[in-house]
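# Per-entry structural report
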Amino acid sequence: MGGIRFFVEGSLHRYRALFESVCPSPMTIPKGQVLCSQCCTHGWLYYILDGLAKVYITTSDGNEQIIDFMMRDTLIGMDCVDDEKKSVVSIASVTEMQVLPFTPEILRRMILDNPQLGFDLVVYYGEVLRQVSFMVGSLGHANLMVRLASFFLLFIDMPEYKQTHKILLTQQEIASCINVSRAQIAKMYAQLRSDGVIGTGNHYVTILDEKKLQQYSRL
């Protein structure tokens, strides 16, 4: 399972300047906004400059099933690159995000002008497919503490966290992100607080001991 991580990040960094040169102006996406809705077509795709997005489906009983987490230098919305096809997933911002919007036609022209991008997108989506398969299994069966600790570690290098030292999410928002109940989150918070790993406040978490958190992510 080497090389499979809890999230996808950085895979298309070499093309960041190219996307910046051809895409419309960057957009700021507030936390909690849906960029793509399941069973809808939207006509836009996005290159993530910064922030965290969750990819999920809504099950028949109304619950969310997380498919993947995506971070900077990745693409989202590609499952309906054909504007006649409806999206099979929803995508929402977990944190405030900066994205570059683009259309399938823009992407087509980019690939025609730079065939290597076309090949690298095939490699990239092979990586995404591996990640999705891993995520579905992990979020369905992995130790819940591993799931929570791994999720917290996503935020370490984010500019917002470096500035505030706070993960600005409620217990319910985190529970939704990793497919557990709020009661389970509260219990794990208590354990991590007692071990000096995290501190909590009104709608935020701060990491006090990153090394211990890394250990929890490998239980």
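All values reported here derive from a predicted model rather than from experimental measurement. (Residues numbered from 1 in each chain as written. Predicted model: local features only at pLDDT ≥ 70, side-chain atom pairs only at ≥ 80, totals over all residues. Heavy atoms only, no water.)

### What to know about the pattern of salt bridges
Counted under the stated rule, the structure contains eight salt bridges. Arg 108 is the salt-bridge partner of Glu 105, the closest N and O atoms lying 2.8 Å from each other. In this pair, Glu 105 and Arg 108 are both assigned in helix α2 (residues 104-113), three residues apart and thus about one turn of the helix distant. By relative accessible area, which is 35% here, Glu 105 ends up partly exposed. Of the residues examined, Arg 108 reaches a relative accessible area of 45% and is grouped as partly exposed. Where Asp 195 meets Lys 212, a salt bridge forms, and the shortest distance between an N and an O atom there is 3.5 Å. (Salt bridge = Lys/Arg side-chain N within 4 Å of Asp/Glu carboxyl O. Helix = DSSP H or I, 4+ residues; strand = E, 2+ residues; numbered from the N terminus. Buried < 20%, exposed > 50% of the residue type's maximum accessible area, 1.4 Å probe, protein only.)

### Considering the side chain of Lys 54
Looking at where Lys 54 falls in the secondary structure, it is placed in strand β4 (residues 53-58). Take Lys 54: its relative accessible area is 10%, and that puts it in the buried class. A polar contact is formed between the side chain of Lys 54 and the side chain of Ser 176, at a distance of 3.5 Å. Residue contacts for Lys 54: discarding those within four places in its chain leaves Glu 64, Ile 66, Asp 68, Phe 69, Ser 90, Ile 91, Ala 92, Val 94, Ser 176 and Cys 177. (Polar contact = N/O pair within 3.5 Å; in protein donor to acceptor, adjacent residues only side chain to side chain. Contact = heavy atoms within 4.5 Å.)

### Observations concerning the nonpolar core
Residues Leu 52, Leu 148, Phe 151, Phe 152, Ile 174 and Ile 185 are the most contacted members of the largest nonpolar core, which totals 36 residues. Elements with a minimum of two residues in this core: β5 (64-70), α4 (144-153), α6 (171-177), α7 (182-194), β10 (204-207) and α8 (210-216). The element best represented in this core is α4, accounting for six residues. Discounting residues that sit within four places of it in the chain, Ile 174 has contacts with Leu 148, Phe 151, Phe 152, Leu 169, Ile 185, Tyr 189 and Val 205. Membership of the second largest hydrophobic core comes to 33 residues, among which are Leu 49, Ile 76, Leu 107 and Val 128. (Core = buried A, V, L, I, M, F, W, Y, C linked by side-chain atoms within 4.5 Å.)

### Focus: the environment of Tyr 216
With respect to the helices and strands, Tyr 216 occurs in helix α8. Accessibility expressed as a relative area gives 11% for Tyr 216, which makes it buried. Sequence separation of Tyr 216 and Val 132 is 84 residues, and the distance between their C-alpha atoms is 22 Å. Leave out the neighbours within four places in its chain, and Tyr 216 touches Met 145, Val 146, Ala 149, Gln 191, Leu 192, Asp 195 and Val 197.

### Brief notes about the packing of aromatic side chains
Scanning all chains against the criterion turns up six aromatic pairs. Judged by centre distance (5.4 Å) and plane angle (50 degrees), the rings of Phe 69 and Phe 151 are tilted. On the criterion of sequence distance, the pair formed by Phe 69 in strand β5 and Phe 151 in helix α4 is long-range, its members being 82 residues apart. Across the pair, exposure class does not vary: Phe 69 and Phe 151 are buried alike. Three or more aromatic residues link up through ring pairs in this structure, and these residues are Phe 19, Tyr 47 and Phe 102. (Phe/Tyr/Trp six-rings, centres within 6.5 Å; stacked < 30°, edge-to-face > 60°.)

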